[in-house]
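Read off the chains here:
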Amino acid sequence: MTLSTAELEQAPAEPPSLTTALSRGTAQAPSAHDAASFSRTQNTASGFVLSARSDAFRRRFYPEVSQKTWSDWHWQYANRITSLGVLGTMLGLSEEEAGAGTGLAALPLAVTPYYAAQFDPHNPAHPLRRTMVPTVEEWSLNPGESADPLGEDSHSPVPGLVHRYPDRVLFLATDSCSAYCRYCTRSRRVGKPCAGSASRRRWPAAIEYIENHPEVRDVLISGGDPLTMTDSALNHLLSQLRRIPHVEFIRIGTKAPIVMPQRITPALVRMLRRYHPLFMSIHCTHPDELTPEASQALNRLADGGIPLGSQTVLLKGINDNVPTMTALMQGLLKNRVRPYYLYHCDPVQGSAHFRTPIYKGVEIIRGMRGFTTGYAVPTYVVDAPGGGGKIPLMPDYVQGYDGEELVMRNYEGGLYRSYDPAVPLAAHNVHNAGPAGCADGDMPCL
Ligand SMILES: *Cc1c(COP(=O)(O)O)cnc(C)c1O
Ligand code: SF4
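About the thresholds
Residues numbered from 1 in each chain as written. Chains lettered and ligands numbered in written order. Predicted model: local features only at pLDDT ≥ 70, side-chain atom pairs only at ≥ 80, totals over all residues. UniProt positions renumbered as here; feature names shortened; annotations may be inferred. Helix = DSSP H or I, 4+ residues; strand = E, 2+ residues; numbered from the N terminus. Contact = placed C-beta atoms within 7 Å. Pairing = 2+ DSSP bridges. Expected span 1.5 Å × (residues − 1). Buried ≥ 20, exposed ≤ 12 C-beta atoms within 10 Å, placed from the backbone. Near = placed C-beta within 6 Å. Nonpolar A, V, L, I, M, F, W, Y, C, P; charged D, E, K, R; others polar. Core = buried A, V, L, I, M, F, W, Y, C linked by C-beta atoms within 7 Å. Domains from an automatic or database assignment. Axes fitted to C-alpha atoms, helices over the stretch in contact; angles between N-to-C directions. pLDDT = per-residue confidence, 0-100. Right-handed = clockwise from strand over helix to strand, strands pointing away.

As recorded in an unreviewed UniProt entry, the chain goes by L-lysine 2,3-aminomutase and comes from Oleidesulfovibrio alaskensis. Quoted verbatim from the Sequence similarities (unreviewed entry) heading of the UniProt record, the comment on the chain is "Belongs to the radical SAM superfamily. KamA family." What the UniProt record of the chain gives under Catalytic activity (unreviewed entry) is the line "L-lysine = (3S)-3,6-diaminohexanoate".

The structure is reproduced here in structure tokens:
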């Protein structure tokens, strides 16, 4: 029993006049989701937009569930698909997917019905589907992989808090997510039974640590996904952090606007905006995620004055090419999200099938810088195994000095010279320096 693309794209019963202006903000990326499948987006009674694609899925697999209930995040969260058996009634599972098993893997299976509606039911290689549906490949432990590749546990002064950089901490507020990414760096800890309540018990000691460390001026609230918590739990945490005078800057790392956009209610935004300056980092993977629903969620946050950044993991066969990455980043900008980080896929166990060579990310950045809006270009980082932190990798445009001229390449590969005399070469952090490097026109390898 699968849902064909034709069925998904059938016109809903409601008139097209209900189409909201928001649907125009949706990215039209090279993807399985053509613009037509979103064009009949409607506004539900509860004020949430509902794309034709999502609504067709609702009617097919949840006919007893009203549009209003579907648009309630509590329903989405409580009705996450957590078994391959149920998923198999909605998608034609491949051998690799069907053989993955459940209950054994470190990381459970959980997908919101909303996000499952965005999967291509016929194509196991569909990018969104690959990020959420386990496969047998997860069972291998590959060279260089470990359970805690970033050494976070060894940089935790108190449980649930990572203090790796001088002026900021990572606050792991919950171990629960609304959907589990198969490549998750924290798969060792997220998604365990009682993931939410157990993590709450860590808060007092973590807050006390921040109170006692005046150098901590920036708190990154992450997890898990902090937006799986109720408004009141989140409000409680934010108010306690805001009471600490030296905490200048707070951000929340979340994937909720992408996998459970219904979470972004007007009430949530009203609560969050009491804690400015509050930023949000949105975890996103592929342009197909920028649905009318996600677009509405992002715009609600932006209208709440919350500056939005993005974080994306570079994933093999999912977003590891320039057109897809460019479409994602341009789509984010259209939704007022400023691309922030592109991460090399951390070597967490069972993730080799997602990992590209490190240089791939540098190539993608080279293919974007100059070719599109500078705001659309994220910083590519490798989080150094063992706790070294994020190391930015950039294409090198410097060729070296030729006499009193610095020789550089522009984004198109053309050589340009700038008169820049009388500076000792050693003062420059230039590799491949010297006239020989540019005389023969060789590009450095990155
Ligand atoms: C990424 C990260 C931060 C935040 O780093 P920024 O470069 O400021 O975004 C803080 N702590 C830890 C442990 C992190 O992994
Ligand atoms: S949302 Fe973040 S913490 Fe949760 S599974 Fe995905 S990568 Fe891991």
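Before we move on, could you go through the overall build of the chain and cite the residues and values that matter?
On a plain count of helices and strands, the chain comes out with 17 helices and 14 strands. Contacts in the chain between residues at least 24 apart in sequence constitute 77% of all its contacts with a sequence separation of at least 6.

Just give me the short version of the pairing of strand S11 (residues 389-392), but keep the residues and values in it.
Sheet topology places strand S10 (residues 379-384) next to S11; four bridges connect them, and they run antiparallel. Among the inter-strand pairings, Ala384 is bridged to a residue of S11, identified as Gly389. A loop of four residues connects S10 with S11, the two strands running antiparallel in sequence, and Gly386 in this loop sits at a positive phi of about 90 degrees.

Can you tell me about helix H15 (residues 322-334), naming the residues and giving the values?
Under the 1.5 Å per step criterion, the end-to-end length of H15 is 18 Å for 13 residues, consistent within 8% with the ideal 18 Å. Thr324, Met325, Thr326, Ala327, Leu328, Met329, Gln330, Gly331 and Leu332 are the residues of H15 that are buried. If you follow the buried residues of H15, they end up packed against strand S8 (308-313), strand S9 (337-343) and helix H16 (358-368). Taken from the residues just after H15, Arg336 is the one with a positive phi, measuring 65 degrees.

Could you give me a rundown of the site of ligand 2, with the residues and numbers involved?
Neighbouring residues of ligand 2: Cys177, Tyr180, Cys181, Cys184, Arg186, Val190, Gly223, Gly224, Asp225, Lys255 and His283. Of the residues contributing to the shell around ligand 2, the split by class is five nonpolar, three polar and three charged.

Hey, could you go over the nonpolar core for me, with residue numbers and the actual values?
If you look at the biggest cluster of nonpolar residues, it comprises 86 residues, and the most contacted ones within it are Val169, Phe171, Tyr180 and Val219. Ranked by residue count, the leading element in this core is H15, at five residues. Among the domains, domain 1 (5-135) and domain 2 (153-392) are the pair contributing at least three residues each to this core. For Phe171, the residues in contact, after removing those within four places along its chain, are Leu161, Ala206, Val219, Leu220, Ile221 and Ser222.

Explain the sheet that holds S9 to me, and be specific about the residues and the numbers.
With mixed pairing, nine strands are arranged side by side in an open sheet as S3-S4-S5-S6-S7-S8-S9-S10-S11. Pairing within the sheet leaves two strands with one partner each, and these edge strands are strand S3 (161-165) and S11. The average undirected angle you get between the axes of adjacent strands in this sheet is 30 degrees.

Run through the sheet that holds strand S13 (residues 405-409), naming residues and quoting values.
The strand order across the open sheet built from three strands is S12-S13-S14, with neighbouring strands paired in antiparallel fashion. Looking along the sheet, the strands with just one partner apiece sit at the ends: strand S12 (398-402) and strand S14 (415-419). Within this sheet the neighbouring strands show an average axis-to-axis angle of 25 degrees, counted without direction.

Any details on the site of ligand 1? Residues and values, ideally.
Surveying the vicinity of ligand 1 reveals the residues Val162, Arg164, Tyr165, Arg168, Leu170, Leu220 and Lys390. Only S3 and strand S4 (168-172) provide two or more residues apiece to the shell around ligand 1. Residues of the shell around ligand 1, tallied by class, amount to four nonpolar, no polar and three charged.

Can you explain the UniProt feature "binding site: [4Fe-4S] cluster" (unreviewed entry) in the chain? Please cite residues and give values.
Look at the UniProt record and you will see "binding site: [4Fe-4S] cluster" (unreviewed entry) annotated at Cys177, Cys181 and Cys184. As for its position among the elements, Cys177 is in the loop between S4 and helix H9 (195-200). Those residues in contact with Cys177 that sit more than four places away from it in its chain are Val190, Gly191, Gly223, Gly224, Asp225, Thr228 and Lys255. Within the fold, Cys184 resides in the loop between S4 and H9.

I'd like a rundown of the confidence of the model for the chain, residues and numbers included.
Mean pLDDT over the chain: 87, with 85% of residues reaching 70 or higher. Low pLDDT (under 50) marks residues 1-30, which in the prediction has 70 contacts with non-local residues, meaning those over four places away or in another chain. Within the model, the stretch residues 432-446 combines pLDDT values under 50 with 25 contacts to residues more than four positions away or in other chains.

Account for the environment of Gly331, naming residues and giving values.
For Gly331, the position within the fold is in helix H15. Looking at Gly331, the number of C-beta atoms within 10 Å reads 24, which means it is buried. The sequence separation of Gly331 and His286 amounts to 45 residues, and the corresponding C-alpha distance is 9.6 Å.

Tell me about the pairing of strand S5 (residues 218-222), and please be specific about residues and values.
Pairing of S4 with S5 involves five bridges; the strand directions are parallel. For Val169, the partnering residue across the bridge sits in S5 and is Val219. Across four bridges, the pairing between S5 and strand S6 (residues 249-254) is parallel. Residue pairing for S6: Asp218 is matched across the bridge by Phe249. Regarding topology, helix H11 (residues 231-242) serves as the crossover connection from S5 to the parallel S6, and that connection is right-handed.

Before we move on, could you go through helix H14 (residues 292-303) and cite the residues and values that matter?
Its twelve residues give H14 an end-to-end C-alpha distance of 16 Å, which sits within 8% of 16 Å, the value for a rise of 1.5 Å per residue. Of all twelve residues that make up H14, ten are buried, and the element is covered over most of its length. Those residues of H14 that fall on the buried side of the exposure criterion are Pro292, Glu293, Ala294, Ser295, Gln296, Ala297, Leu298, Asn299, Arg300 and Leu301. Just downstream of H14 lies Gly305, where phi reads positive at about 80 degrees.

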